[in-house]
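Next come the chains, spelled out residue by residue.
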Amino acid sequence: MSIKLMMDDKEISVDEDVTLLDAARENGIDIPTICFHEATTSNALCRICVVEVDGQRVLQPACIVKAGASMKVQTRSEKVVRARRTILEMLASTMDLSDAPEIQQMMVEYGASSNRFPDAQRRESEVRDDNPMYVRDYSKCLLCWRCVQVCAEDAQYTYAINFDGRGYETQIGTFFERTIPQTTCVLCGQCVGVCPTGALKPKREYLLEQGLSPQEISVLNMGRKRRSKVTGQKSE
Amino acid sequence: MIQPDHITTTICPYCGVGCTLQLHVKDDFIYKVTSPFDSPVNHGNLCVKGRFGYDYVYHPKRVTTPLIRKTKQEAGKRTQAFDLSEWREAAWDEALDYAADRLVEIYKRDGSDAMAVYCCAKATNEDNYLLQKMYRALFRTNNVDHCTRLCHAGSVVALQQAIGSSAMSNTASQVILNDVFIVTGSNTSENHPIIALQMKEAVQKHGAKMIVVDPRRIDLVDMAEMWLPLKPGTNVPLFSAMAHVIVKEELVNWDFVNSRTEGFDEFIASLEKFTPEYAEEISGVPADDICRAARLYARAKNAAIYWGMGISQLSHGTASALALIHLAFLTGHIGRDGTGLNPLRGQNNVQGASDMGAMPFHYPGYMGVDKPENRAKWEKTWNIEEGGLSLKPGLTTTEILSHAHEGGIRSLFIMGENPMMSEPNLNETRKHMEQLEFLVAQDIFINESGAFADVFLPATPFAEKDGTFSNTDRRVQRVRAAHNPRGDARPDWRIICDLARRIESRLGRATAKWDYTHPEQILREMAGVNSDYAGITYERIDKVGLIYPVPTMDHPGTPTLFTESFPRGRGKFHVLDYVPVREEPDDEYPFILTTGRLLEHWHGGTMTRNSALNESYPEARVEIHPADAEIHGIRNGSPVKVQSRRGEVVMRAAVTEKTSVGVIFIPWHFAEAAANLLTNDALDPQAKIPEFKACAVQVFPAREKDLPNPGAVLERGRY
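Since this is a predicted model, take the numbers as computed values, not measurements.

With that settled, consider the overall build of chain B. Secondary structure assignment for chain B yields 22 helices and 30 strands. Taking 719 residues into account, the globule formula puts the C-alpha radius of gyration at 27 Å, and chain B, at 24 Å, falls close to it. Seen through its C-alpha atoms, chain B measures out along the principal axes to roughly 70 × 65 × 60 Å. Residue burial in chain B is summarised as follows: out of 719 residues, 61% are buried. By sequence separation, contacts in chain B at least 24 residues apart represent 75% of the contacts at least 6 residues apart.

Here it is as structure tokens:
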């Protein structure tokens, strides 16, 4: 059954049970997303997709709120734009967005300043290079939850990673801080495939960025002992 | 951030699932693999091999120049040369002329029966079509086979006998439509990881009930409604007992049996002895569990069976598969969406290589070589005089090698296969390889088999060629080159054309046509005779593959087979007997050895042992049950010698309840501890598939220094 609602002062008609985000996209209205992914369950974590709904006290995340008959929705009201700008500024103040061109683009679009909170403490983290397939750099992690979801019921049913810590200390981690090879991880890289900010990256892409040549990277296949010659890392 | 020069969409070169890959290329180097979330087979999900296991393409040991052995090899004294110093580099012309001269010399002297070829389930449809064409059209022999013989030959023969077709009846993605499904002889999570995800989804999100029938407590058991841990090689009594229960408890779908099958009366009489109690005695699975599984399967609205090597790799592999087929016939769980008989095909293109006629009994399209009317069609297509092609069925993979002797097979062409890892009883295989007079290897690495060759022709891996693969769903999908071949390597189809032209001119034959400029022309030539592929063009499969049969240019493909009838008309019940495995345990060799595969590795290891995958799983481990380990003084991680009547290997133990008491498991990927040194080369009489899944062995504690590579230690939490 279809329902009618107002979005940005335009009457639209959508199927019952769709989200406000789907309703907008079906009707050519752009709502930005960061943590949303079509292949994972939506959890409204990043709040960048918030919209203003008449009669609701606070802004509503479009990725999970269902379209309702006769709803009046504003997707670009001043309140919405201010909220999105603030979210982007807070992200930029605490994490490394260098591998997230889409978010950088959003910052330009919303006039967000990366210096709005100069005293903010950045979430720094060492690059974790503990398995042959991918590296983890949680300085670039915005805690969108996608990696945890695809490792669990959204794809892999492997449950190797989860949220670790509380509040500001929250980080994606393994149980008992084990290295990836010591967990249940099957190295499928589904997590790498859905990471929006380059916090998870294929090992070979990472090494190429570090300035290694394709030939040097290929030699790494020859075994652990030879790795030291190329990267200068301690031989295991 | 690295910006790719381009992104190439292609198909994964590993298992038969056929996942879509996007290869991100910078400076002719793939640095990242992704998969689109709207991909039809895998919905964006990949396994470790698909996402990260492509790096063998760039491995320093890859051979990219034609090579000729420095020391002339003689029959009986042939040796392996792994080191490049034993070879000299040659120009393509020299290597191809040399191969053509020697092959033609042997053919002129000893005739068609001296010639044989192994096609390759890793190569494209086009490559395989051309290689069988070369041997059939030029050397007039049907000694053409490939590794399907070692994998689903039992299933193929059984399905041909009972149904008249030998592919999966339904697509794997239909598993979410199943109410009940049986997974047997398949460690799906490791061997078809993306299908396993869909099975898990079916259970977790769609309420399906999964019945796992397997000697090992595989990963899927965690989500199964029932696990029936049968003794290896006891499929026939177990599944026949399920049929017995279905008949006795009147759960038979009579409409289906009466309208779609034949041979029921004799079959039902033969079922009498297969009581659940009898099956319990033989298989070790409690009779009550057999009854419950039978009821679950028979009473379901939609039920399907998925099976793997545990059914077919037995000296009674054909009978095992027939026992499964009977369950579908009795209940009518075939011919509708969400049902079916589904042998999960192993290789990326084993379905396609079989479709292309890379088998001794069939031309492309499963057209029997012994029928003059089939021969006539291919003679016309290949410009051959009437009656020129051979009506004599050829030798199978295993027979080709066992016939390598004076008066038998004298020359062998191997494209991409590795019999020195994949054949059973490898010590015997070695003797046969030594007997060859001339051997050509066309591959990307000098593997255990290529090391025996006289001439090595460097081919290209999937990332450097165009063509098509046909996956386990019968989905024909486009394979695309991400960059130019490394060094002087050439795509297989080009090498075959260049060699065939040389052979043809030396034989003075009218040309069978080898002047293709693009692989699509090869596919179209084949599709002109093989009606399953008649409506498939590169243009039609540019974005999404087509599921054959595709009989016409506007046909949308056929995901579900047998909706109205079977290719042979009525489905045929067969009378089965329980035949034990050829070598049962005894006092001297008290354990049953069963072999299989690992998530991180692929078959003979030519690709994955030359990849970072090897770092994630660097050594073979023998799985042994804690109770058995204690009796034999074996600890987890301690070295163990495993011995059979045919050979012995040393590796570390994995003491685990994943395997049952009395059964040990070894993965067969590791050349330095090759499980196939131990396995039994007893063959199924019809399918000629060897009994990889059960032989008798003994275990002994060994010393650290006996290990072939003590430095390689598996450090993974999940194993």
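A separate point is the overall build of chain A. Within chain A one finds eight helices and 10 strands. The C-alpha extent of chain A, read off along each of the three principal axes, is 65 × 40 × 35 Å. Burial statistics for chain A: of 236 residues in total, 42% are counted as buried.

Moving on: the domain arrangement of chain B. Residue and element names in this part refer to chain B. With domains assigned, chain B is organised as domain 1 (6–58), domain 2 (67–145 + 361–473 + 486–524), domain 3 (153–343) and domain 4 (591–706). Inter-centroid distance (C-alpha atoms) of domain 1 to domain 2 is 29 Å. At the interface, 11 residues of domain 1 touch eight residues of domain 2. When its residues are assigned to classes, the side of domain 1 that touches domain 2 shows eight nonpolar, three polar and no charged.

Ranked by internal contacts, the top residues of the largest apolar core, which has 302 residues, are Met242 and Tyr297 of chain B. Among the elements that make up this core, the one with the highest residue count is helix α13 (residues 317–331) of chain B (10 residues).

Residues and elements named next belong to chain A. Spanning 17 residues, helix α2 (residues 78–94) covers 25 Å between terminal C-alpha atoms, matching the ideal 24 Å at 1.5 Å per step. All buried positions along α2 are accounted for by Val80, Arg84, Leu88, Glu89, Leu91 and Ala92. Angularly, the buried residues of α2 cover 165° about the axis, an arc narrow enough to put them on a single face. Every exposed residue of α2 that faces more than 90 degrees away from the buried side is listed here: Glu78 and Arg82. Against β3 (50–53), β5 (72–74) and α3 (101–109) lie the buried residues of α2.

This part is about the interface of chain B and chain A. Listed by partner, the interface residues are 35 residues for chain B and 33 residues for chain A. If you list the elements that add at least two residues to the side of chain B that touches chain A, you get β3 (29–34), α1 (48–52), α6 (193–206) and α21 (613–616) of chain B. Of the residues forming the side of chain B that touches chain A, the biggest block, four residues, is contributed by β3 of chain B. Taken together, the residues of the side of chain B that touches chain A sort by class into 14 nonpolar, 11 polar and 10 charged.

This next bit is on the environment of Pro639 of chain B. All names here are of chain B. Residue placement: Pro639 occurs in strand β25 (residues 639–643). Residue Pro639 is classed as buried on the basis of its 20 C-beta neighbours within 10 Å. The spacing of Pro639 and Ala702 is 63 residues in sequence and 5.0 Å in space, taken between C-alpha atoms.

Residue and element names in this part refer to chain B. Where helix α10 (residues 276–283) meets helix α11 (residues 287–299), the axes come as close as 8 Å, and the angle between the chain directions of the two elements is 120°. Relative to α11, the element α10 is oriented oblique. Between α10 and α11 lies a crossing of right-handed hand. Here Pro276, Glu277, Ala279 and Glu280 of α10 lie close against α11, whose contacting residues are Ala287, Ile290 and Cys291. Across the contact of α10 with α11, the residue classes tally to five nonpolar, no polar and two charged.

Looking now at helix α7 (residues 235–248) of chain B. Residues and elements named next belong to chain B. With 14 residues, α7 extends 20 Å between its outermost C-alpha atoms, agreeing within 8% with the 20 Å of an ideal straight helix rising 1.5 Å per residue. Extensive coverage of α7 is indicated by the burial of 13 of its 14 residues. Glu250 occupies a position one or two residues after α7 and carries a positive phi of about 55°.

All names here are of chain A. When the domains of chain A are assigned, the result is domain 1 (1–122) and domain 2 (127–231). Relative to domain 2, the C-alpha centre of domain 1 lies at a distance of 28 Å. Across the boundary between the two partners, domain 1 contributes 15 residues, which contact 15 residues of domain 2. The class makeup of the residues in the side of domain 1 that touches domain 2 is nine nonpolar, four polar and two charged.

It is worth spelling out the sheet that holds strand β1 (residues 6–11) of chain B at this point. Residue and element names in this part refer to chain B. The three strands are arranged β1-β2-β3 in an open sheet whose pairing can be described as antiparallel. Strands at the two margins of the open sheet, each flanked by one partner only, are β1 and β3. Across the sheet, the axes of successive neighbouring strands diverge by a mean angle of 30°, strand direction being ignored. Looking at chain direction, β1 and strand β2 (residues 20–26) are connected through six bridges and run antiparallel. Bridge assignment links Thr9 to a residue of β2, and that residue is Gln22.

Residue and element names in this part refer to chain B. The omega angle of the peptide bond from Tyr548 to Pro549 is 5°, so this bond is cis rather than trans. Looking at where Pro549 falls in the secondary structure, it is placed in the loop between β21 (546–547) and β22 (571–572). Positive phi, close to 50°, is recorded for Asp27, a residue that is not glycine. On the secondary structure map, Asp27 appears in the loop between β2 and β3. Since 11 C-beta atoms lie within 10 Å of it, Asp27 is described here as exposed. Even without being glycine, Glu250 reaches a positive phi, approximately 55°. The exposed category is assigned to Glu250, around which 8 C-beta atoms lie within 10 Å.

All right, on to the confidence of the model for chain A then. Do not read the fine detail of predicted coordinates wherever pLDDT is low. Per-residue confidence for chain A averages 92 on the pLDDT scale, and 93% of its residues sit at or above 70. Here residues 224–236 of chain A scores under 50 on pLDDT; set against residues more than four positions off or in separate chains, the count is 15 contacts.

What follows concerns the pairing of strand β17 (residues 438–443) of chain B. Residue and element names in this part refer to chain B. Within β17, six of the six residues are buried, leaving the element largely enclosed by the surrounding structure. The alternating pattern of β17 places Phe438, Val440 and Gln442 on one face and Leu439, Ala441 and Asp443 on the opposite face, and all of these are buried. In terms of strand pairing, β17 meets strand β18 (residues 455–458) through four bridges, oriented parallel. Within β18, the residue paired with Val440 across the bridge is Val455.

Once that is clear, we can look at the sheet that holds strand β4 (residues 67–69) of chain B. Residue and element names in this part refer to chain B. Spatially, β5-β4-β18-β17-β16-β6-β7 is the arrangement adopted by the seven strands of the open sheet, whose pairing is mixed. Edge positions in the sheet fall to β5 (87–89) and β7 (144–145), since each has one partner strand and no second. Bridging between strand β16 (residues 411–415) and β17 involves five bridges; their strand directions are parallel. Bridging across to β17, Ile414 finds its partner in Ala441.

Residue and element names in this part refer to chain B. Where helix α3 (residues 125–138) meets helix α20 (residues 519–527), the axes come as close as 9 Å, and the angle between the chain directions of the two elements is 60°. The interaxial crossing formed by α3 with α20 has left-handed handedness. Residue-level contacts link Asn125, Glu126, Tyr129 and Leu130 of α3 to Pro519, Ile522, Leu523 and Met526 of α20. Of the residues in the contact of α3 with α20, the class split is six nonpolar, one polar and one charged.

For the rest of this paragraph, the subject is the confidence of the model for chain B. Overall, the predicted model of chain B reaches an average pLDDT of 97, with 100% of residues at or above 70. Reported for the predicted complex are a pTM of 0.96 and an ipTM of 0.94.

We now examine the environment of Ile664 of chain B. Residue and element names in this part refer to chain B. Among the secondary structure elements, Ile664 is positioned in strand β27 (residues 663–667). Looking at Ile664, the number of C-beta atoms within 10 Å reads 24, which means it is buried. Separated by 163 residues in the primary sequence, Ile664 and Arg501 have C-alpha atoms spaced 50 Å apart. Excluding residues within four positions of it along the chain, Ile664 makes contact with Phe591, Leu593, Val622, Glu623, Ile624, Thr659, Val697 and Val699.

Thresholds applied
Residues numbered from 1 in each chain as written. Chains lettered and ligands numbered in written order. Predicted model: local features only at pLDDT ≥ 70, side-chain atom pairs only at ≥ 80, totals over all residues. Helix = DSSP H or I, 4+ residues; strand = E, 2+ residues; numbered from the N terminus. Rg over C-alpha atoms; globule rule 2.2 N^0.38 Å. Buried ≥ 20, exposed ≤ 12 C-beta atoms within 10 Å, placed from the backbone. Contact = placed C-beta atoms within 7 Å. Domains from an automatic or database assignment. Nonpolar A, V, L, I, M, F, W, Y, C, P; charged D, E, K, R; others polar. Core = buried A, V, L, I, M, F, W, Y, C linked by C-beta atoms within 7 Å. Expected span 1.5 Å × (residues − 1). Arc of directions from axis to C-beta. Axes fitted to C-alpha atoms, helices over the stretch in contact; angles between N-to-C directions. Parallel < 35°, antiparallel > 145°, perpendicular 65-115°, else oblique. Left-handed = near helix turned anticlockwise from the far one by under 90°. Pairing = 2+ DSSP bridges. pLDDT = per-residue confidence, 0-100.

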